[in-house]
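The primary structure of each chain is shown beneath.
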Amino acid sequence: MSGVEIGLISIAAILVLIYLGMHVAVTLCVVSLIGVWAVKGNVTLATKLLAIAAYDTVAGYVFGVVPLFVLMGLLVSVSDLGKDAYVVANILMRRIRGGLGIATVAANAVFAAVTGISVASAAVFTKLAVPEMISLGYRPRFAVGVVAGSSVLGMLIPPSLLLIVYALLAEQSIGDLFIAGIVPGILLSFAFAIAILGMATFLPRTVMREEAGGAASGEPVESLAAAILRLWPLPVLVFAVIGGIYLGWFTPTESGAVGALGALVLAFARRKLTWANVWQVLVETGHVTVSILMLIIAANIYTRLLALSGVPVFINDFVNGLELGFFTLLIFYAVIIVIMGTILDGISIMLIMIPIFLPLLAGYSVDLVWFGIVTVIAVEIGLLTPPLGLSAYVIKSTLDTDEISLADIFIGAAPFAVVMFVVLLLIIFFPWLVTGYG
């Protein structure tokens, strides 16, 4: 059996094992071990090669950025900054049609700028926004759909864990990817807001219950000035993290440390930290960090198998023979990612797809920072698609009622998935939205 045949069988084996329920990291490691053993014909050599690959993967200083940004995001979540952002956005948008939906998007965008974890956004705004929207006459399906759709902003607006993972896989600058994600993140936020305004204007029954009679505009519980005063630490923290990278004051890892320290000081200053939730934050940081690093190690090990088998060269020759053209290939890539989102989480999709597709781009002189943004948006669409749709499951588990089903969440999120696909096409056909040049 040739190396290429072994490599192609390994891809099929990975998909089958994942579909059967085996953990992605375990699947990649087991398939890689058996595959390298089959290619080299020596199990001892295979184990040594994979051990070296595992060590080399996470030995670099740059990997310290993962736990630091995870810790910062969790501390910000504990500090109730998401609640403050929602209060400010609600005051500003309360008299607009679908105003609470737009306020949820705006608050999620602000919250994303200091967390980078879509799961945290989904959990926080399910508690904050969904009960408020339902009580003011919004349809439950629309309320959970808005939260599901806007929660994915945490994976695009920097600092983003998906952008960090992509940077490590593609060997690109984390700082460049953070900066590149700003305009697409703002564009997606505005697209969500326009979609909500359009639904509230032209399809009001999909947004409001008939008995509500229109957008609720109840008086805010506090003044705008008081709400903004409580929110001021957030832009300071964003500037310290993103501005520090952009101005060259910090490396991404150092900016993660500055952000984590700032979030810790903020949480203590707001008296939101107790010994119990300090321990909870540290444990959760460890869980998230270990799961991400294990996936990265497994993906790097599998990349070694692909290189040894010659699959990237084979696929490259096959694709070139089809003469698809770059944009056709890119759209094909994005569609595969969205389909994979029906069964896998975002990081797992990237860990499988990036090693396979990056070699295909070598002949096209592709800006890999722009390609990273395209990848992340496509992955985000997968977070809203059934049957997996991680954001939908987080919202369902966070809801305090059984009256809203998982199907309601997926249906409510569908318009936002369509909006994301439109934005993805804009990014593909107008790369200057990411790169800043034509």
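Residues numbered from 1 in each chain as written. Predicted model: local features only at pLDDT ≥ 70, side-chain atom pairs only at ≥ 80, totals over all residues. Heavy atoms only, no water.

Caption draft 1: Local environment of the overall build of the chain. Secondary structure assignment for the chain yields 23 helices and zero strands. Taken against the 2.2 N^0.38 rule, which gives 22 Å for 438 residues, the C-alpha radius of gyration of the chain at 22 Å falls within 12% of a compact globule. With the C-alpha coordinates of the chain rotated into their principal frame, the extents come out at 70 × 45 × 45 Å. Looking at the chain as a whole, 51% of its 438 residues are labelled buried. When contacts within the chain are restricted to residue pairs at least 6 apart in sequence, those whose partners lie at least 24 apart make up 78%. Within the structure as shown, the chain displays about 18,700 Å² of accessible surface, and the carbon and sulfur contribution to it stands at 70%. Mean positive and mean negative side-chain charge positions of the chain (17 and 22 charges, respectively) differ by 9 Å. (Helix = DSSP H or I, 4+ residues; strand = E, 2+ residues; numbered from the N terminus. Rg over C-alpha atoms; globule rule 2.2 N^0.38 Å. Buried < 20%, exposed > 50% of the residue type's maximum accessible area, 1.4 Å probe, protein only. Contact = heavy atoms within 4.5 Å. Areas by Shrake-Rupley, 256 points an atom, 1.4 Å probe, with all protein chains shown as cover. Lys, Arg positive; Asp, Glu negative; His and termini not counted. Charge placed at Lys NZ, Arg CZ, Asp CG, Glu CD.)

Caption draft 2: Region of interest: a nonpolar patch on the surface. On the surface, I179, I182, V183, I186, F190, I194, F239, Y246, L247 and W249 cluster together to form a nonpolar patch covering roughly 1,000 Å² of accessible area. Where the nonpolar patch is concerned, the elements lending two or more residues are helix 11 (182-202) and helix 14 (233-246). Considering each element in turn, the nonpolar patch owes the most residues, five residues, to helix 11. Inspection of the secondary structure puts I179 in helix 10 (residues 174-180). With relative accessibility at 30%, the residue I179 sits in the partly exposed group. (Patch = residues over 30% accessible without salt bridge, like charges linked within 9 Å, V, L, I, M, F, W, Y side chains within 5 Å. Salt bridge = Lys/Arg side-chain N within 4 Å of Asp/Glu carboxyl O.)

Caption draft 3: Region of the structure containing the packing of aromatic side chains. Following the criterion strictly, the structure yields ten aromatic pairs and no others. Aromatic side chains F327 and F429 sit 5.4 Å apart centroid to centroid with 20° between the ring planes, which places their arrangement in the stacked category. Note that F327 is positioned in helix 18 (residues 326-340) and F429 in helix 22 (residues 406-429), a separation of 102 residues in sequence. What makes F327 partly exposed here is its relative accessible area of 36%. (Phe/Tyr/Trp six-rings, centres within 6.5 Å; stacked < 30°, edge-to-face > 60°.)

Caption draft 4: Seen up close, the side chain of T285. As for its placement among the helices and strands, T285 is situated in helix 16 (residues 275-309). Of note is the side chain of T285, whose polar atom sits 2.8 Å from the backbone oxygen of V281. Residues in contact with T285, not counting those within four places in the same chain, are P67, V70, L71 and L74. (Polar contact = N/O pair within 3.5 Å; in protein donor to acceptor, adjacent residues only side chain to side chain.)

Caption draft 5: The arrangement of the nonpolar core in detail. Grouped together as the largest cluster of nonpolar side chains are 151 residues, with contacts concentrated most on M133, I164, W370, F371 and I427. In terms of residue count, helix 16 provides more of this core than any other element does, twelve residues in total. (Core = buried A, V, L, I, M, F, W, Y, C linked by side-chain atoms within 4.5 Å.)

Caption draft 6: Local environment of helix 5 (residues 81-93). Between its first and last C-alpha atoms helix 5 spans 18 Å; for 13 residues at 1.5 Å apiece the expected length is 18 Å, and the two agree. Of all 13 residues in helix 5, ten are buried, a share of seventy percent or more. By the burial criterion, the buried members of helix 5 are L81, G82, D84, A85, Y86, V87, V88, A89, N90 and I91. (Expected span 1.5 Å × (residues − 1).)

Worth remembering: the numbers are spatial, not functional.
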